[in-house]
Amino acid sequence: MIQIEGLTKRFGRKLAVDHLTFTVEAGHVTGFLGPNGSGKSTTMRMIVGLTRPTAGAARVDGQPFARSASPLTEVGALLDAKAAAPGRSGLAHLRALAATHRIPRRRVDEVIGMTGLESVIAKRVKTYSLGMGQRLGIAAALLGDPSTVILDEPVNGLDPEGVKWVRQLAKGLAAEGRTVFISSHLMAEMALTADRLIIIGRGRLIADSTVDAVVAASSEVATRVRSPQAAQIAVALASPQVTVTTEGPDTLLVTGLGVEEVGQAAARNGWVVYELSAVTASLEEAYMKLTDTLVEYRSSAQPAATTEGAGK
Amino acid sequence: MTATTHPTALSARPPARPRHRLSFAGAVAAEWIKLRSLRSTWWDVIIMVGLAAGIAGLTGVTTTDWFVEAADGVNLAEFTVILANQSAALIGSVVLLVMGALMATGEYSSGSIRATLAADPRRGMVLGAKTVVLAVFALVLGAVTEAIALVVIFPILDPASFGYSMTALAWRLAAGSVFYMVIAGLIGLGLGFILRSSAGAIALGIGLFFVLDGILAMTGSQNDVILTIRDILPGGAANIVLAEPLFNPADSALGGFGGAVVCLALWAGAALAGGWAVLRARDA
């Protein structure tokens, strides 16, 4: 279990994390969502003590991580795709980390097998692709068979098969009763992987809920009507509670009325209807809506690709 | 948990696994794996030993004809060791300074410091483990380098008495050379943690060891403060540790061999203390 209480981090004048309070429970995959630069990485680094909070505290299983007698068995963390020296082999990287806790070589070989790195593990890290770097980082995170697993953007650079593998791995770890906390800026991926979601924007908590609840809360159900009599229908349905917008020459989007009500109105009035369908907001839309006002770097502004703020 | 624990006391959470614990010995083992798994470490060893042997040979050959004259009354075995030190300690101190700096800055440039500190969040332990590994490695490598320089230079300059003529002072000069190389490595490590930049740490280290004294010497100043500063800079202390018979230790602010050793140890201690303060205070 990870408990975050009033966690705050200020970098100069910029407030990267702003009084975050939430709990990540064991036995679930908890997704940590937010646009780039929203403070996800900073929060994760504060959990493992790499970054010192300006205020507030993060606890893992009730104690600050830095005090753990056995850090690698408490928390396994992937914080950076290439957090290994380029001139060293992946094997040496894992063996050095394992040596700190006297974790046997057998376990090192086990995590290499689990992450499918057998063929490249003896090669130097500089020859690895981004995806292999991610797998090496995940292997390192699993070394201590930890009760809490923290993965920062683990699917970046992975091929579809790799993405699926991370998904299954996360679910498997949670099913074993571990705490699994995964960050991503991709809602769709989290929807498939996570049970619960923590959504932040500009360092502040936006939502702490289940995936289903997040979607339900921000769904704006509309009804799509396609008809040669679109103009006539638009006038007939309009009322203070109902908004009708035109999607195409013969297509309307009606909010405030369900498919049943629009269908009954069509039968009563004898309208010819080619299509009548319910429009539900997708996860991606729900997420965009939640974070809309809080996106740190808008693509319309500057070419902002280089400003990752407190990010990587 | 004991074997008598009731099953009802078990939670759904995986049990704490105290089987593998973080220890200082483990941290040292990890740092040794890291040091030896870099090819650059072994290139450094080859360069250091090779250059020291080569320069010692060159020094020997070019000194043969006027060896006795150059010694100017200094015991010949001691003077030979001083010539060996000139090659071994000078090359060795630069190589180990760089190696020490890279042990710290390499972690920052690659980002591996995050993996290191996530496995061992006790930062003092990380610095301590690196210090132990570097000190032992530098001690062994320094001793090998010094021995090779001596083995190369003695047969050239003093073939008749090699192995018999070494005085206590000659042995002390050889030991001083090894000590000086270890100190250079530790200062590099400390500066690396302070600056987190390879270029910066190496430049500052070289400046401290070689450049600053040269600049002060060029002023030709006989001002007491300047002379004292020159005495206590690593280079000034090194003069006494590496080549005491050529200097009059009484003239130095350090007083003699003991003072010079303490001075060098303080330099290393200060660099490591600074490195520890930065490592502890700054975000990784």
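Residues numbered from 1 in each chain as written. Chains lettered and ligands numbered in written order. Predicted model: local features only at pLDDT ≥ 70, side-chain atom pairs only at ≥ 80, totals over all residues. Heavy atoms only, no water.

A. Spatial organisation of the overall build of chain A. Helix and strand counts for chain A come out as 11 helices and 13 strands. Its C-alpha atoms put chain A at 80 × 45 × 40 Å along the principal axes. Per-residue burial over chain A gives 52% buried out of 312 residues. Expressed as a percentage of contacts within chain A between residues at least 6 apart in sequence, the contacts between residues at least 24 apart total 69%. Roughly 13,600 Å² of accessible area belongs to chain A as shown, and the carbon and sulfur atoms make up 52% of that amount. (Helix = DSSP H or I, 4+ residues; strand = E, 2+ residues; numbered from the N terminus. Buried < 20%, exposed > 50% of the residue type's maximum accessible area, 1.4 Å probe, protein only. Contact = heavy atoms within 4.5 Å. Areas by Shrake-Rupley, 256 points an atom, 1.4 Å probe, with all protein chains shown as cover.)

B. Here's a closer look at helix α4 (residues 105-114) of chain A. All names here are of chain A. Regarding α4, the residues found buried are Arg107, Val108, Val111 and Ile112. On an axial view of α4, the arc spanned by its buried residues comes to 145 degrees, and they lie on one face. At its buried positions, α4 is contacted by α3 (90-100) and α5 (130-142). (Arc of directions from axis to C-beta.)

C. Seen up close, the sheet that holds strand β6 (residues 148-152) of chain A. All names here are of chain A. The strand order across the open sheet built from six strands is β5-β6-β7-β3-β8-β9, with neighbouring strands paired in mixed fashion. The open sheet terminates on both sides in strands that have one partner only, identified here as β5 (75-78) and β9 (204-210). Sheet twist, expressed as the mean angle between neighbouring strand axes with direction ignored, is 15 degrees. Judged from the five bridges that link them, β6 and strand β7 (residues 179-184) form a sheet pairing that is parallel. Residue isoleucine 150 lies in a different strand from β7, and its bridge partner there is phenylalanine 181. (Pairing = 2+ DSSP bridges. Axes fitted to C-alpha atoms, helices over the stretch in contact; angles between N-to-C directions.)

D. Inspection of the side chain of serine 177 of chain B at higher detail. Relative to the assigned elements, serine 177 of chain B resides in helix α7 (residues 168-195). Those residues in contact with serine 177 of chain B, other than ones at most four positions away along the chain, are Asn85, Ala89, Glu146, Val241 and Leu242 of chain B.

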